[in-house]
Amino acid sequence: MSFLPRFSVAVDLKSATTEEFDILIVGSGVAGLYAALKAARYGRVGIVTKEEIAQGSTPYAQGGIAAALCPQDSPAMHLQDTMVAGAGLCSREAVSALVTEGPGHVRELIHLGAQFDMEGDRLVLGKEGAHGVRRIVHAQGDATGREVERALVEQVRNADCEVLERVVVADAVTVDGRCCGAVGFDAETGEPLHLRAKATILATGGAGQLYSTTTNPSVCTGDGIALAYRAGAKVADLEFVQFHPTALAVDLFPKFLISEAVRGEGALLLNEAGERFMPRYDARAELAPRDIVTRAIWEEARRTGTDHVQLDLTAHPLDAIRERFPMIYQTCLEHGIDMAVRPIPVYPTAHYLMGGVKTDLRCHTGVEGLLACGEVACTGVHGANRLASNSMLEGLVFGARAAESAGTLCRQELPEVRTHSAAPRAQAAFTDCRDTLRQLMWDNVGIVRSGGGLARALAKFEELLVLQTAGELRREAVEQANMALLAALIARAALVRQESRGAHYREDYPETDGANWQGRLELSPVPLDETAWELEPEQAFAPERD
Ligand SMILES: Cc1cc2nc3c(=O)[nH]c(=O)nc-3n(C[C@H](O)[C@H](O)[C@H](O)COP(=O)(O)OP(=O)(O)OC[C@H]3O[C@@H](n4cnc5c(N)ncnc54)[C@H](O)[C@@H]3O)c2cc1C
């Protein structure tokens, strides 16, 4: 990469409306809202969010939250499943924090009003791929995220937090390398805003919108990662994009997800000829880790010359399906598919970004005053492949940790902002190139990659980055600039890693190469060239045999 603007918008901070907070939280999904509730005791909290408060990936989550909550389970067993799914790149320390602190936060979520499915006074626990036991709490069958978001929004509305909706945060404001808040603008009027804060927590979620097919809603354009990188933070694990194996194969953008829990309850994957194929690919069959199931579907569809496979739960009684998966059942019906009678057509789609802004276990990004948690961050909990239902758990555990770190930062005095945040005004009028970018990502930086395709895509993204420095206070212009930067970073990381591991598959390097690549790939904004990466060694995990 040879070009990186420090700012994506041209704003004179002196003339912008200024809001002052102790703690600024960008994003209102599970990570941002939980962090806000935990941070409220440290000072004045402001939550800024791009659309209305309950918009983001969180309300779309179906399957649930994984946590060791029953006597047959333990944090050690959860750790083992997470590390195995992560294909050797999980940080053991980060996973340990996740699985040991997770159960307490799930109980706290219940205390805050989230109503999970119960049988008498016992939580009903679901099973998903690569989990050794049933450990997934869920709500209203398959509407877990909606319930989590509802409960957290209700609490935040009652807490002492200010919520600014429909505000796009564009850049971090820094003084001598210390983050002092952010600059943004009203998404409807374009009015610039200077959001001053002693601690800024990025909780902006993922980046599925970089792909032409994704489960992620429109707000997931990777803004937080681009913003942090421009401000000097490192990014890590970006080559690991999770493609969920089973999105409903109908013409929708974003795609509707058919939760992993459907396979957990016994659904089988069948190819065009009606044959069950997963046992040929992995002994765990339909419940193998997501990357394995995704590539198997890709291969089967290619081999049989079709664009989907079938997910068959018809052996299940109708009542059980309607009770466990009411939303999925209803949505399939709306598309003319009665899943109790016939299999559901499914195909993989971009779903989750394992990588993100590199943070330590206290959510510090390396830019003082700037913290990150949730899907935007890379703590190392997911390694090369996220274990199903670990993401909302990550939002809770690291949301709470980010709040604690923000509390410490609040004790510092904030320096005066001397400079203005400025980017060159856009030279040309905004041209919408997002669909081209998305198609390039899907075709070249998708499920199966090659050096040639990655290099070609990277060159295009870099061109776009130069042409489309946003400048304008307009949501789609800022998002496109962020998408171009992040697309270039993902393609760069995927090109650098010359092996296949977890969700990153290179047909020109099909084997895992532990001798050369047993580590976390970090990209740094300095120096701004192709040498700006390093491999942080990560210890391989040897699972215990039972
Ligand atoms: C269909 C679907 C099903 C899933 N199912 C599960 C599941 O069962 N279990 C599980 O653990 N995980 C699941 N996941 C993943 C999980 O939902 C997400 O990883 C998690 O909810 C992310 O939470 P978050 O708080 O980090 O981000 P999000 O919930 O995505 O929230 C991001 C927030 O940031 C805001 N934002 C973004 N950019 C800006 C900006 N520039 N300015 C201001 N605000 C901004 C957005 O508006 C939004 O409020 C699923 C995801 C999807 C899409």
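*Asks:* Would you mind going over the environment of His244 with me for this structure?
*Replies:* Positionally, His244 belongs in strand β13 (residues 241–248). By relative accessible area, which is 0% here, His244 ends up buried. Each C-alpha atom of the pair His244 and Glu511 lies 22 Å from the other, and the pair is 267 residues apart in sequence.

*Asks:* Help me understand unusual backbone geometry, please; the structure alone is not making it clear to me.
*Replies:* Across the chain, the bulk of peptide bonds are trans and the bulk of non-glycine residues have phi less than zero. In this structure, the amide linkage connecting Phe253 to the following residue, Pro254, adopts the cis form with an omega of -5°. Note on placement: Pro254 falls in the loop between β13 and α6 (260–264). Located in the positive-phi region is Cys363, a residue other than glycine, with phi close to 75°. With respect to the helices and strands, the residue Cys363 is situated in the loop between β17 (356–358) and β18 (370–372). By relative accessible area, Cys363 is classed as buried at 0%. Positive phi, normally seen in glycine, also occurs at Ser389, with a value near 65°. Residue position: Ser389 is located in the loop between β19 (377–378) and α11 (391–409).

*Asks:* Any chance you could explain the packing of aromatic side chains here in plain terms?
*Replies:* Each pair of aromatic rings is reported with the distance of its centres and the angle of its planes. As enumerated under the stated definition, the model contains four aromatic pairs in all. With a centroid separation of 5.5 Å and 90° between ring planes, the pair formed by Tyr211 and Phe243 is classed as edge-to-face. Residue Tyr211 is located in the loop between β11 (192–202) and α5 (223–230), and its partner Phe243 is located in strand β13; the two are separated by 32 residues in the primary sequence. Each member of the pair, Tyr211 as well as Phe243, is classed as buried. A ring pair is formed by Phe277 and Tyr281, whose centres lie 6.2 Å apart and whose planes are at 85°; its orientation type is edge-to-face. Given the relative accessible area of 29%, Tyr281 is considered partly exposed.

So, how was this worked out
- Residues numbered from 1 in each chain as written.
- Predicted model: local features only at pLDDT ≥ 70, side-chain atom pairs only at ≥ 80, totals over all residues.
- Heavy atoms only, no water.
- Helix = DSSP H or I, 4+ residues; strand = E, 2+ residues; numbered from the N terminus.
- Buried < 20%, exposed > 50% of the residue type's maximum accessible area, 1.4 Å probe, protein only.
- Phe/Tyr/Trp six-rings, centres within 6.5 Å; stacked < 30°, edge-to-face > 60°.

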